[in-house]
Amino acid sequence: MKKSRTVGILGGGQLAKMLCDSGKKMGYETVILDPSSDSCGRFGADEHIIAEYNDEIALKKLCEEADVITYEFENVPSEVINFLKRNGGNVPQGERPLYLSQHRVREKSAVNEIGVRTADFVAVKNLETAKEALTKIGGPCILKTCSGGYDGKGQWKIQNEEDLNSVDWKNVEYILEKMVNFQKEVSCLVVRGITGDVVTFPVGENIHKNGILNKTIVPARISENLQKEIEELSKRIVEKLEIYGPLGIEYFIEGDEVYFNEMAPRPHNSAHYTLDACNYSQFDIHLLGVLGEKLPEVKLLTPVVMLNIMGEDREKVDKIVLDENTKLHIYGKTEWKQDRKMGHINYCGENIDKLIEKANSF
Ligand code: ADP
Ligand code: MG
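To start, this report covers the structure provided alongside it.

Quick notes on the sheet that holds strand E1 (residues 6–10)
Spatially, E3-E2-E1-E4 is the arrangement adopted by the four strands of the open sheet, whose pairing is parallel. Every interior strand has two partners, whereas the edge strands, strand E3 (47–50) and strand E4 (68–71), have only one. Each adjacent strand pair in this sheet contributes to an overall mean axis angle of 20°, direction not counted. When E1 meets E4, the two strands line up parallel, connected through four bridges. Its bridge partner being in E4, valine 7 is matched across the sheet by valine 68.

Put into structure tokens, the structure is as follows:
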């Protein structure tokens, strides 16, 4: 490993913190750029540039200090990436993964074009076009804003035309998607390093609560064939769409059919299990990938259940009893707020049912 290299990270949340922790372990220095002075990335980073993402002086400083620049959130404006590049910044992932993943119609159209199935969808702009779209694909559907949505925000369930009246039609672009009657939601974290090496992590089974990820169970309780198919699909997506760096991809499973749902070009909450259950974590492979190192083979060392800790869980955390197979991660956010991700627990062990039981009794 080359100790002298410095990784710059746009964004300073928990994903940045865990990237920095990984960098420290492998001998890389890290510098984060984030507007908030108390963002939790500061606990891991060697340096914290406190500035807005469009602050040109700060961006130039990042270019000077970092040998490689990456990002920990998908809403980085493309102008920022272009500015960094014009000023000598090395951003190996570029703006393509951002361009695709920042817009639901764009990402779904792109994967359809390479033969990956999604729910039927139509781009809509207003009530009028939504009515036409609903007639075309048939209910039940789900209407989503094309950009900026997360944790189920900016979404409306649509059974019939009447439901369209309850939509907040202030955004310009929406997508109307046919509901998939899935049995499972799963995800796969894949990294394509800049050398072209591709690594996939084992598929995780995701359980949501109020639209927010609650648990990830690994291995996912689906057939080995489906697990393999999903890893292959994920590889195909990064290769065919020419995406470099990490990509967290969410899928629905209905019977034997796999539907792509969405993707994010950054470490993914559903792959936090890799910190304790794999030989290399998603953060390790992300860094190695953007630094152009050869990517090692990734192995699952133990079954695992990852449980998210939310702001409303503060008192439970104070009472938690840890054991040698239960690993607690707290991000160090200053304010414990409802629905805010504050940390996670990885329950490792042989018996998945027992791990789920343990997680449920948290
Ligand atoms: P977000 O960016 O908020 O995570 P998603 O597209 O993942 O947006 O949607 C949030 C959740 O809503 C999904 O995890 C899934 O449970 C449900 N959902 C989204 N799209 C569909 C669909 N087409 N069919 C069925 N359920 C869906
Ligand atoms: Mg999602």
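As for the nonpolar core
Ile9, Phe201, Tyr273 and Ile285 are the most contacted members of the largest nonpolar core, which has 35 residues in total. Counting residues per element, the ones that place at least two in this core are E1, helix H1 (14–26), strand E9 (184–192), strand E12 (212–218), helix H9 (282–290) and strand E15 (304–310). Counting residues per element, this core draws most heavily on H1, which supplies six residues. The two domains that each donate at least three residues to this core are domain 1 (6–91) and domain 3 (184–360). Beyond its immediate sequence surroundings of up to four residues, isoleucine 285 is in contact with Val191, Val199, Phe201, Tyr280, Leu295, Pro296 and Val298. Ranked by size, the runner-up nonpolar core spans 26 residues in total, among them Ala110, Val186, Val203 and Ile237.

Quick look at the coordination of the magnesium ion (ligand 2)
Within the first shell, the magnesium ion (ligand 2) binds the protein through Glu250 (OE) and Glu262 (OE), at distances of 2.0 to 2.2 Å. A residue pair is termed long-range when its members are at least 10 positions apart, and glutamate 250 in strand E13 (residues 245–254) and glutamate 262 in strand E14 (residues 257–264) qualify at 12 residues. Classification of glutamate 250 by relative accessible area gives buried; the value is 15%.

Some thoughts on the pattern of salt bridges
In total, this model carries 17 salt bridges according to the counting rule given. For lysine 61, the salt bridge is made with glutamate 47, and the minimal N-O distance between the two is 3.2 Å. Pair noted here: lysine 61 is in helix H2 (residues 56–65) and glutamate 47 is in strand E3, with a separation of 14 residues, a long-range link. Taking relative accessible area as the criterion, glutamate 47 reaches 26% and is therefore assigned partly exposed. A salt bridge links aspartate 151 to lysine 341; the nearest nitrogen and oxygen atoms lie 3.7 Å apart. Remark: lysine 341 occurs in strand E17 (residues 341–348) and aspartate 151 occurs in the loop between strand E6 (141–145) and strand E7 (155–158); sequence separation between them is 190 residues. Classification of lysine 341 as buried rests on a relative accessible area of 18%. Salt bridges sharing partners connect three or more residues here, namely Glu47, Lys61 and Glu65.

Reading the values: the criteria
- Residues numbered from 1 in each chain as written.
- Chains lettered and ligands numbered in written order.
- Predicted model: local features only at pLDDT ≥ 70, side-chain atom pairs only at ≥ 80, totals over all residues.
- Heavy atoms only, no water.
- Pairing = 2+ DSSP bridges.
- Helix = DSSP H or I, 4+ residues; strand = E, 2+ residues; numbered from the N terminus.
- Axes fitted to C-alpha atoms, helices over the stretch in contact; angles between N-to-C directions.
- Core = buried A, V, L, I, M, F, W, Y, C linked by side-chain atoms within 4.5 Å.
- Buried < 20%, exposed > 50% of the residue type's maximum accessible area, 1.4 Å probe, protein only.
- Domains from an automatic or database assignment.
- Contact = heavy atoms within 4.5 Å.
- Donors = N, O, S within 2.8 Å, 3.2 Å for Na, K, Ca; no water.
- Salt bridge = Lys/Arg side-chain N within 4 Å of Asp/Glu carboxyl O.

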